[in-house]
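# Inside the fold
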Amino acid sequence: MSASTRTGGRGLSLPNIGLSGLARLAGPIFIANLAVMGSVTVDTIMAGRLGVEHLAAVALGGASCATIFIGLMGILQALSPIAGNHFGARNYKRIGFDTVQSGWIAVLLTIIGMTIMLNTWIWTGLGGATGKVKELTEIILVASAFGLPGALASRVFISLNAAVSRPKVTMWVSLASLALKVPVNALFMYGLFGLPELGGAGVGVATALLNTASALVYLTLFLRDPYYDKMRPERLFGPDRKAIAEHLRLGVPIGMSTFFEVSSFSLMAVFISRVGPIEVSAHQIVANIMATFYMLPLSLGISASVLVAQCLGAGSALAAREITWRTFAVATTLAVGTVLAIFLLKNQIIGLYTTDAAVTSLCLTLIVYGCIYHVFDALQTVANFAMRGYRMTFLPMLVYATLLWGVGVGGGLYLGLFGEAAGGPYGAQGFWFATALSLFLAGAVLTAMAFWVASYRAKEQPE
């Protein structure tokens, strides 16, 4: 019997958990994620051409925004395993209800996030920004704050689209946003058509406008596309305490895990800003390179989460275990190939970002650390997302807090800015060494946890 025609323990048909099914889901998610990273890459390249101060401001402003945006978006990702389980169980009306509840959570998170971002002194103070870098960073933070509502609303629909096997919607919206990024950036960076010339800070205004436009497109499609007819809520439900509590029970640990993961990099940029513009510029470039290639294991992880949830909804823990193991095998193989490609082409890749000799020299050193940790980063990503499909989010959060912050951020702070007892300080290299060590440990621990969870659930629910 093929993967696409198998049935679960409840007599419901299972999703296709073969390689073709994984690729069909992960492919559009990967393209969508790559488009998002492409937008960040465009910002980095365009700001880099304006000078080190503009690139440093984009690095600090982008890192500060990412610390807030990604953590809040992570909370909304709880909709994906919840709706995926409903989709596998063919409980379509419940999907619409939970989507509305996720929307109410997004409203609350918008208020919290905007309040934090508009206090720009927090972030410029952490980064030790002064002069022009401080001025540009403040503009980026304020503009991005007004793009937060659109970003969070979009995340609700992105989580929904993945859960109901509709990732191509996200892919096309993300590609359209990427296509508009260069011209919209140019409008505000160079002050075209009488608009203010904001330099590197223009990327914040452009991102806010595109986030808002994307949210409107997602909402329009959800209300009009016939595919969502059976899932669309019959009315606008008010906040439901029980449903929101379930979302938060899963979502808050996911958000915290995402915060620990992303901030382990974004806070590096904030603290490395204290060392100087050359160091933070090199960090921004290499972080962007590694994050771009990270989109592949991330896409596989999201797909694993969705397929695990759908399999469990259909009553098959055995199929959930099968897709978990298969995703690990695919992610590991692709990660090894990626590392080899990055290392062999590192000079050409870095040359796309900068022509500054000092920045290039440091980039060539930092990218070696990225190559070292990438395989383990892929493993921990797949493990973490697979466990989300099993609705296990609290323990991974503790692992992230201990390793990514304790070892990564804490160790990086010591080695990067202090570390006299170890022959330091080592600047950006100290931060990247600590991050590589933390991801190695996280990959080992979370992979072992995911294998145990998948095996335990399969034994607990035999078919």
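Bear in mind that the values here come from a model prediction, so they are computed numbers and not experimental data. For every chain, the first residue of the written sequence is number 1, and numbering continues from 1 along that sequence. Predicted model: local features are reported for residues with pLDDT of at least 70 only, side-chain atom pairs are reported and counted for 80 or more only, and whole-chain, interface and lining totals are derived from all residues. Side-chain numbers come from the whole structure's heavy atoms, not from hydrogens or water.

## Points about the layout of surface pockets
Cavities and pockets are defined on a 1 Å grid built over the protein atoms alone: a cavity is a set of grid points where a 1.4 Å probe fits but cannot escape, while a pocket is an open set with protein on both sides within 12 Å along at least five of seven lines, and lining residues are those with an atom within 4 Å of any such point. Grid points are joined across faces, edges and corners, and a volume is the space filled by probe spheres set on the points. Within this model, the largest pocket holds a volume of roughly 510 Å³. For the largest pocket, the lining is made up of 20 residues, of which Val100, Gly103, Phe157, Leu219 and Leu236 are closest to its centre. Breaking the lining of the largest pocket down by element, the ones donating at least two residues are helix H4 (92–118), helix H7 (148–163) and helix H9 (202–224). Numbered from the N terminus, helices here are DSSP runs of H or I no shorter than four residues, and strands are runs of E no shorter than two. With 7 residues, the top contributor of residues to the lining of the largest pocket is H4. Taken together, the residues of the lining of the largest pocket sort by class into 15 nonpolar, 3 polar and 2 charged. In this structure, the second largest pocket is lined by 20 residues; those nearest its centre are Phe87, Val164, Ser165, Arg166 and Tyr227. Every element with two or more residues in the lining of the second largest pocket is listed here: helix H1 (19–48), helix H3 (79–88), helix H8 (167–189) and helix H11 (277–313). Examining the composition of the lining of the second largest pocket, we find that 3 residues originate from one element, H1, more than from any other. Each residue receives one of three labels: charged for Asp, Glu, Lys and Arg, nonpolar for Ala, Val, Leu, Ile, Met, Phe, Trp, Tyr, Cys and Pro, and polar for the others, Gly being one of them. For the lining of the second largest pocket, the per-class residue count stands at 10 nonpolar, 6 polar and 4 charged.

## Things to note about empty space enclosed by the protein
Left-over empty space is what a probe sized like a water molecule reveals as it rolls over the atoms. Taken as a whole and judged by the stated rule, the model has 2 cavities of 30 Å³ or more. Considering only enclosed or pocket space, the second largest cavity measures out at about 40 Å³ in volume. Contributing to the lining of the second largest cavity are Phe157, Leu160, Asn161, Val169, Tyr218, Leu221, Phe222 and Tyr228. Secondary structure elements with two or more residues in the lining of the second largest cavity: H7 and H9. In terms of residue class, the lining of the second largest cavity is made up of 7 nonpolar, 1 polar and no charged.

## Here's the deal with the environment of Leu178
Residue placement: Leu178 occurs in helix H8. Here the term buried applies to any residue with accessible area under 20% of the maximum for its type, exposed to any over 50%, and partly exposed to those in between, with areas from a 1.4 Å probe on protein chains only. Note on Leu178: relative accessible area 24%, which makes it partly exposed. Contact criterion: two residues are considered in contact whenever any of their non-hydrogen atoms come within 4.5 Å of each other. In this structure, Leu178 is in contact with Ala35, Gly38, Ser39 and Val42, ignoring residues within four places of it in sequence.

## Structural notes on the pattern of salt bridges
Between Lys or Arg on one side and Asp or Glu on the other, a salt bridge is scored when a side-chain nitrogen of the former is within 4 Å of a carboxyl oxygen of the latter. Per the stated rule, a full pass over the model turns up 8 salt bridges. Ionic pairing is found between Asp43 and Lys181, a salt bridge with its closest N-O pair at 2.6 Å. With a gap of 138 residues between them, Asp43 in helix H1 and Lys181 in helix H8 connect regions that are remote in the sequence. One exposure class covers both Asp43 and Lys181, and it is buried. For Arg94, the salt bridge identified is with Asp98, shortest N-O distance 3.1 Å. On the criterion of helical spacing, the pair formed by Arg94 and Asp98 is a turn pair, its members being 4 residues apart in helix H4. Assessed through its relative accessible area of 3%, Asp98 is described here as buried. The network of salt bridges with shared partners includes Glu246, Arg249 and Arg391.

## A closer look at the packing of aromatic side chains
Put simply, two rings from Phe, Tyr or Trp (the six-membered ring, in Trp's case) pair if the centres are within 6.5 Å, and we call them stacked under 30 degrees between planes, edge-to-face over 60, tilted for the rest. Counted according to the given criterion, the structure contains 14 aromatic pairs. Aromatic side chains Phe87 and Tyr92 sit 5.9 Å apart centroid to centroid with 70° between the ring planes, which places their arrangement in the edge-to-face category. Judged by its relative accessible area of 14%, Phe87 is buried. Judged by centre distance (5.6 Å) and plane angle (50°), the rings of Phe157 and Phe222 are tilted. Here Phe222 lies in helix H9 and Phe157 lies in helix H7, a separation of 65 residues in the sequence.

## Description of the confidence of the model for the protein
Per-residue pLDDT for the protein averages 87, and the proportion of residues at 70 or more is 97%. Of all helices and strands in the protein, the one with the weakest mean pLDDT is helix H5 (residues 120–126) (77), whereas helix H12 (residues 317–344) scores best (93). The predictor's confidence in any single residue is recorded as pLDDT, a number from 0 to 100.

## A few points about helix H2 (residues 52–76)
By this rule the span expected of a helix is its residue count minus one, scaled by 1.5 Å. Taking 1.5 Å of rise per residue, 25 residues should cover 36 Å, and H2 covers 35 Å from first to last C-alpha, within 8% of that figure. Along its length, H2 shows its largest kink, about 25°, at Ala66. Judged by how many residues are buried, H2 sits mostly within the fold: 20 of 25 residues are covered. Working definition for bend: take the seven residues up to and ending at a residue and the seven starting at it, fit an axis to each, and measure the angle between the axes.

## Here we look at the packing of H8 against H9
In this analysis, axes come from line fits to C-alpha atoms, helices being fitted only over the stretch in contact, and the angle between any two N-to-C directions falls in the range 0 to 180 degrees. As a packed pair, H8 and H9 sit with axes 9 Å apart at the nearest point and diverge in direction by 150°. When the axes of H8 and H9 are compared, the pair comes out roughly antiparallel. Both H8 and H9 take part in a crossing whose hand is right-handed. Together, Val169, Thr170, Val173, Ser174, Ser177, Leu180, Lys181, Val184, Asn185, Phe188 and Met189 of H8 and Gly202, Val203, Val205, Ala206, Thr207, Leu209, Leu210, Ser214, Val217, Tyr218 and Leu221 of H9 make up the contact between the two elements. Split into classes, the residues belonging to the contact of H8 with H9 amount to 14 nonpolar, 7 polar and 1 charged. Oblique is the label for every angle not falling under 35 degrees (roughly parallel), over 145 degrees (roughly antiparallel), or within 65 to 115 degrees (roughly perpendicular). Helix crossings are classified by the rotation of the near helix relative to the far one: an anticlockwise turn of less than a right angle makes the crossing left-handed, while a clockwise turn makes it right-handed.

## Focus on H12
The terminal C-alpha atoms of H12 lie 41 Å apart, and with 28 residues this matches the ideal 40 Å at 1.5 Å per residue to within 8%. Residues of H12 that are buried: Ala317, Ala319, Ala320, Ile323, Thr324, Thr327, Phe328, Ala331, Ala335, Thr338, Val339 and Ile342.

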